[in-house]
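# Architecture at a glance
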Amino acid sequence: MPRYTSYPTVPFWKDSIDLTQWEQNFRTRFSEENHVNGISIYIHLPFCESLCTYCGCNKKITTNHKVENEYLLAIEKEWLLYRKLMKQTPVIRELHLGGGTPTFFSPGNLRHLLNIIFKSSIIHPFHEFSIEGHPNNTTTEHLKMLYSLGFRRISYGVQDNDPEVQKIINRIQPFENVKKATENARAIGFTSVNFDLIYGLPLQTVESINRTINQVISLKPDRIAFYSYAHVPWASKAQRLFDESHLPSAEEKIQLYVAGKKMLMKNGYADIGMDHFALPTDDLYRAWKEGRLHRNFMGYTTQYSGLLLGLGVSSISDTGNAFAQNQKALHDYYASINNDKLAIKKGYFLSEEDQAFRKYILDISCKGQTQFLKEHTSALQQHVFPKLDELARDGLIVWNEKEIRLTEQGHYFMRNVCAAFDLYLKNSAAMNQVFSKAI
Ligand code: SF4
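Reading the values: the criteria
Residues numbered from 1 in each chain as written. Predicted model: local features only at pLDDT ≥ 70, side-chain atom pairs only at ≥ 80, totals over all residues. Heavy atoms only, no water. Buried < 20%, exposed > 50% of the residue type's maximum accessible area, 1.4 Å probe, protein only. Helix = DSSP H or I, 4+ residues; strand = E, 2+ residues; numbered from the N terminus. Pairing = 2+ DSSP bridges. Right-handed = clockwise from strand over helix to strand, strands pointing away. Salt bridge = Lys/Arg side-chain N within 4 Å of Asp/Glu carboxyl O. Core = buried A, V, L, I, M, F, W, Y, C linked by side-chain atoms within 4.5 Å. Contact = heavy atoms within 4.5 Å. Near = heavy atom within 4 Å. Nonpolar A, V, L, I, M, F, W, Y, C, P; charged D, E, K, R; others polar. Phe/Tyr/Trp six-rings, centres within 6.5 Å; stacked < 30°, edge-to-face > 60°. Lys NZ or Arg CZ within 6 Å of the ring centre and 35° of its normal. Disulfide = S-S within 2.5 Å. Axes fitted to C-alpha atoms, helices over the stretch in contact; angles between N-to-C directions.

### Some words on the pairing of strand β7 (residues 192–199)
The buried count for β7 comes to seven of eight residues, which makes it a mostly enclosed element. Bridge count for strand β6 (residues 151–159) against β7 is six bridges, and the pairing is parallel. The residue bridging Arg 153 from the neighbouring strand is Ser 192, located in β7. In this structure, β7 lies alongside strand β8 (residues 223–228), joined through six bridges in parallel fashion. Bridge pairing in β8 links Asp 196 to Ala 225. Once you follow β7 into helix α7 (residues 206–217) and on to β8, the crossover reads as right-handed.

### Details of the pattern of salt bridges
The full count for this structure, using the stated rule, is 16 salt bridges. Across the pair Asp 222 and Arg 186 runs a salt bridge whose closest N-O atoms are separated by 3.3 Å. Of this pair, Asp 222 sits in the loop between α7 and β8 while Arg 186 sits in helix α6 (residues 175–188), and the two are 36 residues apart along the sequence. Overall, Asp 222 belongs to the buried group, its relative accessible area being 10%. A salt bridge links Asp 318 to Arg 358; the nearest nitrogen and oxygen atoms lie 2.5 Å apart. Here Arg 358 lies in helix α11 (residues 352–367) and Asp 318 lies in strand β14 (residues 316–318), a separation of 40 residues in the sequence. The exposure class assigned to Asp 318 is buried, which follows from its relative accessible area of 6%. One salt-bridge network, in which partners are shared between bridges, spans Arg 3, Asp 275 and Arg 415.

### Points about the nonpolar core
Buried together is how nonpolar side chains tend to be arranged in soluble globular proteins. Grouped together as the largest cluster of nonpolar side chains are 77 residues, with contacts concentrated most on Tyr 71, Tyr 82, Leu 97 and Phe 151. The element that contributes the greatest number of residues to this core is helix α2 (residues 67–85), accounting for nine residues. Contact partners of Phe 151, with chain neighbours within four places excluded, come to Leu 95, Leu 97, Leu 114, Phe 129, Ser 130, Ile 131, Leu 146 and Phe 190. Within the second largest apolar cluster, 36 residues are counted, among which are Tyr 300, Leu 380, Leu 391 and Leu 396.

### Section: the site of the ligand
If you check the shell around the ligand, you find Cys 48, Ser 50, Cys 52, Tyr 54, Cys 55, Gly 100, Thr 101 and Arg 171 and nothing else. Across the shell around the ligand, the residue classes break down as four nonpolar, three polar and one charged.

### Some words on the packing of aromatic side chains
For the structure shown, the criterion picks out 31 aromatic pairs. Seen from their ring centres, Tyr 7 and Tyr 424 are 5.7 Å apart, and the 70° between their planes marks the pair as edge-to-face. Taken together, the residues Tyr 7 in the segment before α1 (19–33) and Tyr 424 in the loop between α13 (414–419) and α14 (429–438) connect sequence positions 417 residues apart. With 5.6 Å between their ring centres and 40° between their planes, Phe 47 and Phe 104 make a pair best called tilted. Taken together, the residues span a long stretch of sequence, with Phe 47 in strand β2 (residues 47–48) and Phe 104 in the loop between β4 (91–99) and α3 (107–119) at a distance of 57 residues. Owing to a relative accessible area of 4%, Phe 104 belongs among the buried residues under this scheme. Among the aromatic residues, ring-to-ring pairing joins Phe 47, Tyr 71, Phe 104, Phe 105, Tyr 333 and Tyr 334 into one connected group. The ring of Tyr 147 carries the charged tip of Arg 152 above its face, separated from the ring centre by 3.6 Å.

### Thoughts on the state of the cysteines
Going through the model one piece at a time under the given rule, you end up with zero disulfides. Note on Cys 57: no disulfide assigned, nearest cysteine sulfur contributed by Cys 55 at a separation of 3.8 Å.

### What about the sheet that holds strand β18 (residues 397–399)?
Reading across from one edge, β17-β19-β18 is the order of the three strands in this open sheet, with antiparallel pairing throughout. Sheet topology places β17 (369–371) and β18 at the edges, where each strand pairs with a single neighbour. Neighbour to neighbour, the strand axes of the sheet diverge by 10° on average, direction disregarded. In the sheet, β18 pairs with strand β19 (residues 403–406) via three bridges, with the strands oriented antiparallel. Its bridge partner lying in β19, Trp 399 is registered against Ile 404. Against the sheet, α11 engages β17 and β19, with an angle of about 145° to β17.

As structure tokens, this is what we get:
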């Protein structure tokens, strides 16, 4: 089921978009947003030294660190291509380094990249800079350099601590490494240390999940993303290495989630929604409570910027009324950029109706409620209200012709409620599937 980091969701985007139209859209939206909210930047750093067999990310496995220079040069060129579309100095409000493994890159190379971006930008006074770190290779030098440039949040991919699970997913990562990386980040001054965990991996049991969570909460991560493993061997070759008999059944997977969630909540974590848990001392929790939560391709965020620029292979940009995704293969990405052309592969320009329904979905996932606009009454009556009746009968929402609100139980079925507003699913078999899972 979609996580609705975009609407329409990626499968409904066009396979190619007009580059001139995209550049014009970016130019206009940048001018509208830059001095009001600032902009967000996501940089995809795709290299990893070894393959985790569960992984569905866009990554390139190599131990040859010479690849760093060529890649950083391409990002620099891409940034300069976008910089030409910006008629004012960009104000950076949010920046996230994701991957792949961003900490594959040496601290010196990362510093070089960030300096190139920062030297022609203004840093917003309430900026939030964050990075995905691998507990095995995030060094004190990395952390000190990032801290000196304004990074205060780091997310570590922990996934599972059980040695047998780690062996089968080819991610050997002793808990000692997680502990050291966490303590180092805190000692240097990072104020939010986040962990990613996964349920549904091969050989996981309720006991092993409980052991993992027990261990990780001893480090009090500020946020935990507790993701469901998506087994898609037809799309991810590495997942074909699993003996499928080692995977939990659908029922066992639910038990893993329920056990994990119970333990997190017993230990003071609040369920923000869409697999995210946070301690009440974390900004994300406060933003959720105060109705200030936002959502973009990087997940939940406390910062609002109406324009997200994605740099690097496979990155997605979002201008608020258009999406564009870069080429997914490195050689295609390099070929465009080295030809002084943006490396856009696919995307979507949103209609007014798309934008309105996107807002409904964002409101529900960030605030648990939304108000309907009169001009959409006909589309709502035809496609959405019948589904709301079903959701209300199941106790997941309360609604009338003006607004909808999630109930406490509905909070846990947020994606299903969002799917009711997805007009692209309205006639498809996928819709029935979504609803049969909810009820
Ligand atoms: S899970 Fe992370 S570290 Fe492992 S292969 Fe995927 S991107 Fe690389």
